[in-house]
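Residue-level structural notes
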Amino acid sequence: MERSAAEEETVRILAVDDSVSMRHMLAMILADEGHDVVIASDGADALNRLDCAFDLIITDINMAGMDGLELVRRIRAGDVCPYLPIIILTTEGGADKKREGLRAGATAWITKPFSRDLLIGTIAKVVHGNAH
């Protein structure tokens, strides 16, 4: 069964951040783009919600409980959808931290504050292999 153009553009995203305001902003931006968004408050919450119906994970690094790097490592080492693209969205901009995230298995890295266009373009790139 082929997907329609509208279904092709809708991306199911698991967004992980411990900041209520950041979760709200991500949900608003992504929903405005027509994406289906599920929110998690930290890495452990994300693992509990993870299933293979997601097309993408967006996660912060610095979170209480399980941080984003540990979440990436567990997803990549696990049995539940280890191939899903993962975008790290964080205030961490240092080269060492970025290398650590990419070595852990992150697909892309965006530093906060970020632009809506950068986020949407990065999603298009990692999910569909192209930019809007």
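Residues numbered from 1 in each chain as written. Predicted model: local features only at pLDDT ≥ 70, side-chain atom pairs only at ≥ 80, totals over all residues. Heavy atoms only, no water.

**Thoughts on helix α6 (residues 116–128)**
Test applied: Strands are runs of DSSP state E lasting at least two residues, helices are runs of H or I lasting at least four, and both sets are numbered from the N terminus onward. By definition here, a helix of n residues has an expected span of 1.5 Å times n minus one. Only protein chains enter the accessibility calculation, which uses a 1.4 Å probe; a residue is then buried when its area is under 20% of its type maximum, exposed when over 50%, and partly exposed in between. Contacts are assigned to residue pairs that have any heavy atoms within 4.5 Å of one another.
Between its first and last C-alpha atoms α6 spans 18 Å; for 13 residues at 1.5 Å apiece the expected length is 18 Å, and the two agree. Along α6, the residues that are buried comprise L119, I120, G121, T122, I123, A124 and V126. The inward-facing, buried residues of α6 abut β1 (12–16), α2 (20–32), β3 (56–59), β4 (86–90) and β5 (108–111). Within two residues after α6, G129 carries a phi angle of roughly 80 degrees, on the positive side.

**Quick word on helix α4 (residues 68–77)**
Spelled out, the test is: Arc definition: it is the arc formed by the directions from the helix axis to the C-beta atoms. What qualifies as a polar contact is a pair of N or O atoms within 3.5 Å, subject to a donor-acceptor requirement within protein and to the restriction that residues adjacent in sequence count only when both atoms come from side chains.
Taken as a whole, α4 has its buried residues at G68, L69, L71, V72 and I75. Viewed along the axis of α4, the buried residues span an arc of 160 degrees, placing them on a single side of the element. Taken together, the buried residues of α4 touch β1, α3 (43–49), β3, β4 and α5 (95–104). Two or three places before L69, at the start of α4, stands the capping residue D67, its side-chain oxygen 3.2 Å from that residue's backbone nitrogen.

**Thoughts on the pairing of strand β2 (residues 36–40)**
Successive side chains on a regular strand alternate, one facing one side of the sheet and the next facing the other. Formally: Strand pairing is assigned whenever DSSP detects at least two bridges linking the two strands.
Pairing of β1 with β2 involves 5 bridges; the strand directions are parallel. Within β2, the residue paired with V16 across the bridge is A40.

**What to know about the state of the cysteines**
Heads up, the rule is: Any two cysteine sulfur atoms within 2.5 Å of one another count as a disulfide.
Overall, the coordinates contain 1 disulfide when judged by the stated rule. Covalently, C52 is tied to C81 through a disulfide, its sulfur atoms 1.8 Å apart. Residues C52 and C81 are joined by a disulfide whose S-S torsion is about -125 degrees; by sign, that bridge is left-handed. Placement of C52 in the loop between α3 and β3 and of C81 in the loop between α4 and β4 is noted, with a sequence separation of 29 residues between them.

**A few points about the side chain of H35**
Tracing the backbone through its elements, the reader meets H35 in the loop between α2 and β2. For H35, a relative accessible area of 10% gives the class buried. Engagement of the side chain of H35 in a polar contact is seen with the backbone nitrogen of V11, the distance being 3.1 Å. Sequence-distant contacts of H35, defined by excluding residues within four places in its chain, comprise E9, T10, V11, I13, L30 and I123.

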